[in-house]
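# Structure assessment
For reference, the chains in residue letters:
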Amino acid sequence: MLLEKINNYEIFRPKCDSTKEVLHSIATFDADIAPALPYLNAELGGWDYDQQNQVLLLKLSAGKWVTLQRHEIAIRGAGDMEESRALLEWIKGQINEVYERRDIITPRYTGQAGLKVMDILKLTPMTNCKACGYATCMAYAAALREGEISLNDCPPLWEEKYREKREKLHAYLESFGWRALDAE
Ligand code: SF4
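Below is a short write-up of the structure.

What follows covers helix H2 (residues 81–100). With 20 residues, H2 ought to run about 28 Å at 1.5 Å a step, and its terminal C-alpha atoms sit 29 Å apart, in line with that. Within the sequence span of H2, burial applies to Ser84, Leu87, Leu88, Ile91, Lys92, Gln94, Ile95, Asn96, Val98 and Tyr99. Taken together, the buried residues of H2 touch strand S1 (6–12), strand S2 (23–29), helix H1 (37–44), strand S4 (55–61), strand S5 (64–69) and strand S6 (72–78). Its side-chain oxygen 3.3 Å from the backbone nitrogen of glutamate 82, aspartate 80 forms the N-cap of H2.

Bringing the pairing of S6 into the picture now. For S2 and S6, the ladder comprises six bridges, and the chain directions are antiparallel. Of the residues in S6, the one forming a bridge with leucine 23 is alanine 78. When S5 meets S6, the two strands line up antiparallel, connected through five bridges. From the neighbouring strand, glutamine 69 faces S6, where its bridge partner is glutamate 72. A loop of two residues connects S5 with S6, the two strands running antiparallel in sequence.

On to the sheet that holds S6. Here we have six strands laid out as an open sheet, ordered S1-S2-S6-S5-S4-S3, and antiparallel in their pairing. Two strands lie at the open edges of the sheet, namely S1 and strand S3 (48–50), each paired on one side alone. On average, adjacent strands in this sheet sit at an angle of 15° to one another, irrespective of strand direction. Most of the contacts of H1 go to S4, to which it runs at about 25°, and overall it touches S3, S4 and S5.

Moving on, we come to unusual backbone geometry. Only a minority of non-glycine residues have a phi that is not negative, and only a minority of peptide bonds are not trans. At asparagine 8, a position not held by glycine, the phi torsion is positive, near 50°. The topology assignment puts asparagine 8 in strand S1. The class for asparagine 8 is exposed, based on a relative accessible area of 56%. For glutamine 54, which is not a glycine, the phi torsion comes out positive at approximately 55°. Inspection of the secondary structure puts glutamine 54 in the loop between S3 and S4. Owing to a relative accessible area of 14%, glutamine 54 belongs among the buried residues under this scheme.

For the rest of this paragraph, the subject is H1. Burial analysis of H1 places seven of its eight residues in the buried class, the great majority of the element. Taken together, the buried positions of H1 are occupied by Leu37, Pro38, Tyr39, Leu40, Asn41, Ala42 and Leu44. The inward-facing, buried residues of H1 abut S3, S4, S5 and H2. Taken from the residues just after H1, glycine 45 is the one with a positive phi, measuring 65°.

In the neighbourhood of the ligand, the contacting residues comprise Pro125, Thr127, Asn128, Cys129, Lys130, Ala131, Cys132, Cys137, Tyr140, Cys154 and Pro156. Judged by its atoms lying within 2 Å of the grid points, the ligand is housed in the largest cavity. Of the residues belonging to the shell around the ligand, the class tally is eight nonpolar, two polar and one charged.

Once rolled over the atoms, a probe with the size of a water molecule shows which space is left empty. Tallied over the full model, the rule gives one cavity of 30 Å³ or more. In this model, the largest cavity occupies a volume close to 80 Å³. Surrounding the largest cavity, Thr124, Pro125, Thr127, Cys129, Lys130, Ala131, Cys132, Thr136, Cys137, Tyr140, Cys154 and Pro156 form its lining. Its residues assigned to classes, the lining of the largest cavity shows eight nonpolar, three polar and one charged.

Under the definition given, this model contains 12 salt bridges. Notably, a salt bridge pairs glutamate 43 with arginine 101, separated by 2.8 Å at the nearest N-O pair. Here the residue glutamate 43 occupies a position in helix H1, and arginine 101 occupies one in the loop between H2 and helix H3 (117–121), the gap between them amounting to 58 residues. Overall, the relative accessible area of 29% leaves glutamate 43 in the partly exposed class. Linking lysine 59 and glutamate 146 is a salt bridge whose minimum nitrogen-to-oxygen distance equals 3.8 Å. Here lysine 59, found in strand S4, pairs with glutamate 146, found in the loop between helix H4 (137–145) and helix H5 (163–175); they are 87 residues apart in sequence, far enough to count as distant.

Criteria and thresholds
Residues numbered from 1 in each chain as written. Predicted model: local features only at pLDDT ≥ 70, side-chain atom pairs only at ≥ 80, totals over all residues. Heavy atoms only, no water. Helix = DSSP H or I, 4+ residues; strand = E, 2+ residues; numbered from the N terminus. Expected span 1.5 Å × (residues − 1). Buried < 20%, exposed > 50% of the residue type's maximum accessible area, 1.4 Å probe, protein only. Contact = heavy atoms within 4.5 Å. Polar contact = N/O pair within 3.5 Å; in protein donor to acceptor, adjacent residues only side chain to side chain. Pairing = 2+ DSSP bridges. Axes fitted to C-alpha atoms, helices over the stretch in contact; angles between N-to-C directions. Near = heavy atom within 4 Å. 1 Å grid on protein atoms, 1.4 Å probe; cavity = no way out; pocket = protein on both sides within 12 Å on 5 of 7 lines; lining within 4 Å. Sits in = over half its atoms within 2 Å of the grid points. Nonpolar A, V, L, I, M, F, W, Y, C, P; charged D, E, K, R; others polar. Points joined across faces, edges and corners; volume = space filled by probe spheres on them. Salt bridge = Lys/Arg side-chain N within 4 Å of Asp/Glu carboxyl O.

Written out as structure tokens, the structure reads:
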């Protein structure tokens, strides 16, 4: 087991964000988790990974973020203390479980933040039909990059004539470890 103890757990409502019903929390680790970070990035679809400084940013769901460093974790966006503690325990479990399976995981050194909206846009139908609920394919592309929606949300993309675009888009997204929040 890589990580046994989480110490110095602090939870607080940030003064700069006091109007919002969200909590921030921080804690330290008893071990250096750097060896696990590229594997966590691969398995959890990291938003950004700074290999040089060993910082991994995870977007868990809308408004919930986890920042992992060698000996430290910061969680932003939990709704209450119970959720904050549950997230902390979940990430501890993920660190140990993923690290134990590292021999069968291909580490990833890029994050989803490297995805470019224009590159996504070029692989949509580009008809601005609004069937996805967005006013334009550009708006859809931006939401897709953020991991807020999935390919299923663009019905035309599943038509035979857009098969090549769909497959290229899927491969492009996957190459950055993209995970839609609502994807199966
Ligand atoms: S449904 Fe697809 S083609 Fe239509 S606007 Fe949305 S992204 Fe563009």
